[in-house]
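Descriptive analysis of the structure
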Amino acid sequence: MKNPVKYIFYRLLVVILIVIIGSVIYQFAIYPEIKKSEGWLQELAEKKLDKHASIYYFSSSTNKSTAPNDSDKRSIIEIVQSTVGQKIVSIDTGAIHCGIFYEILKKIPESQSIDKIIVDLNVRSFGNNWIHSGLENSLQRNLVYWNNYPGVYNHLRASLKMYNYQAPAVHIRAIEYGEKFTKLPFRKPHNTIKNWCDSLFKIPDHDEAGLVLIKHFGHFIEEKNPMLENADLIVEWCKKRNIPLVFIILPEDVSKMRRLVGEDLASLVEKNADFLEKRYSSKSVEVINLVNDFDENVFYESFPTEHYKSFGRMYVAQKMIEIINVKR
């Protein structure tokens, strides 16, 4: 009769070997492609950080977006780099925000010397339509791969949504709830986004673009705002590392808001920008407030974005050059 202990032992050993070999094959043959497609932000960040710049500029799509008719297609950072002597690298892609910027900053080793961190802030990103963007789950899923854990474990976590995941319906409901019930600092009908949009909708020949502007800029930044918490984390990280931090509050199309919606929305955007400027200036952060610096002709898209024609990018770049050239 066979020894049952040996019988179980050998078969268990075979299973363990199969699992180990399979894991090795997966880790080195399959996982790199999965990580490249699903964890692309890490690869982007690593490539940028490997350049060991003196200054890092964190932006979303603002840095590289160009108008179709622009003769000068240079990004903001390319314009800056053509003037300043220090090596400056941008870390940017569409829809990322301070929460993602912070995760990237944490990857910078303490041994690396950095002269300055420059971060874009845009008032629009503090509203529910950005906080609950349909792209947010994809960004949070991306962060699952930002570690050295076995690939099988990371892929399993991503597949089982073991990250900061919220169902699309939850995001939609959060936006709808905010539009209906979050109070704005105005009298009716401008006291909520929904009431405001309803009142504009009743106006004959109203411009649909006005409704979009209200939905994306009709918010009042408060202490509990999650984007504000993310910006605070960046401030804390820079203080801990003793690295000067600059926030650039990007220009918004305030002129268009005044024309299509009225003074209330324009003043709300300006108040939010002032709030950000005062809050972070008090934390020893240099804040450059450009929110009201552009006319309508600088923007080239119908949807509200922080995308500028070449002379707009040149203007933002010049402000950055002034910041960099100031001796402290």
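Quick notes on the rules
- Residues numbered from 1 in each chain as written.
- Predicted model: local features only at pLDDT ≥ 70, side-chain atom pairs only at ≥ 80, totals over all residues.
- Heavy atoms only, no water.
- Salt bridge = Lys/Arg side-chain N within 4 Å of Asp/Glu carboxyl O.
- Buried < 20%, exposed > 50% of the residue type's maximum accessible area, 1.4 Å probe, protein only.
- Phe/Tyr/Trp six-rings, centres within 6.5 Å; stacked < 30°, edge-to-face > 60°.
- Lys NZ or Arg CZ within 6 Å of the ring centre and 35° of its normal.
- Pairing = 2+ DSSP bridges.
- Helix = DSSP H or I, 4+ residues; strand = E, 2+ residues; numbered from the N terminus.
- Axes fitted to C-alpha atoms, helices over the stretch in contact; angles between N-to-C directions.
- Contact = heavy atoms within 4.5 Å.
- Parallel < 35°, antiparallel > 145°, perpendicular 65-115°, else oblique.
- Left-handed = near helix turned anticlockwise from the far one by under 90°.
- Nonpolar A, V, L, I, M, F, W, Y, C, P; charged D, E, K, R; others polar.
- Core = buried A, V, L, I, M, F, W, Y, C linked by side-chain atoms within 4.5 Å.

If you walk through the whole model with that rule in mind, you get 13 salt bridges. Taking the shortest distance from any N to any O, the salt bridge between Glu 103 and Lys 106 comes out at 3.3 Å. The exposure class assigned to Lys 106 is partly exposed, which follows from its relative accessible area of 43%. Taken together, the shared-partner salt bridges in this structure form one network comprising Glu 223, Asp 232 and Arg 279.

A separate point is the packing of aromatic side chains. Within this structure, the stated rule accounts for 11 aromatic pairs. It is Lys 161 that lies over the ring of Tyr 165; its NZ or CZ is 5.2 Å from the centre.

Moving on, we come to the sheet that holds strand β5 (residues 286–289). Spatially, the 5 strands line up as an open sheet ordered β2-β1-β3-β4-β5, and their pairing is parallel. With one partner strand each, in any of the chains shown, β2 (88–92) and β5 form the two edges of the open sheet. In this sheet, neighbouring strand axes are inclined to one another by 20° on average, regardless of whether the strands run parallel or antiparallel. Direction of pairing for strand β4 (residues 245–249) relative to β5: parallel, over a ladder of 4 bridges. By the bridge assignment for β5, Val 246 is matched with Glu 286. Packed onto the sheet, helix α11 (residues 226–241) meets β3 (116–121) and β4 and runs at close to 155° relative to β4. Lying over the sheet, helix α14 (residues 310–325) contacts β1 (55–59), β2, β3, β4 and β5, oriented at roughly 150° with respect to β3.

Burial of helix α4 (residues 98–105) is extensive: 7 of the 8 residues sit out of reach of the surface. Buried residues in α4 make contact with α2 (40–49), β1, β2, β3, α6 (136–143) and α11.

A few words now on the pairing of β4. Residues in a regular strand point their side chains to alternate faces of the sheet. With 5 of its 5 residues buried, β4 lies for the most part within the structure. The sheet contact formed by β3 and β4 spans 5 bridges and is parallel. Note that in β4 the partner of Val 119 across the bridge is Phe 247.

A few words now on the packing of α11 against helix α13 (residues 263–281). In the contact formed by α11 and α13, the axes pass within 12 Å of each other and the chain directions differ by 30°. Relative to α13, α11 is oriented roughly parallel. Here the hand of the crossing between α11 and α13 comes out right-handed. Here Leu 228, Ala 231, Asp 232 and Val 235 of α11 come into contact with α13, specifically with Phe 275, Leu 276, Arg 279 and Tyr 280. Among the residues forming the contact of α11 with α13, the class breakdown is 6 nonpolar, no polar and 2 charged.

Structurally, the position occupied by Tyr 149 is in the loop between α6 and α7 (151–159). You can call Tyr 149 partly exposed: its relative accessible area is 45%. Once residues lying within four places of it in the same chain are set aside, the contact partners of Tyr 149 are Gln 27, Asn 154 and Arg 157.

Next up on the list: the nonpolar core. Counting residues in each nonpolar core, the largest one holds 64 residues, and the members touching the most others are Tyr 56, Ile 117, Ile 234 and Phe 247. In contact with Phe 247, other than residues within four places in its own chain, are Val 119, Leu 121, Ala 231, Ile 234, Val 235, Tyr 280, Val 285, Glu 286, Val 287 and Ile 288. By size, the runner-up hydrophobic cluster in this structure holds 24 residues, among which are Ile 118, Val 246, Ala 317 and Ile 323.

Another point: α6. In terms of residue burial, α6 counts as a mostly covered element, since 6 of its 8 residues are buried. All of the buried residues along α6 are Glu 136, Asn 137, Leu 139, Gln 140, Asn 142 and Leu 143. Looking at the buried side of α6, the elements it contacts are α1 (4–38), α2, α4, α5 (128–131) and α8 (168–181).

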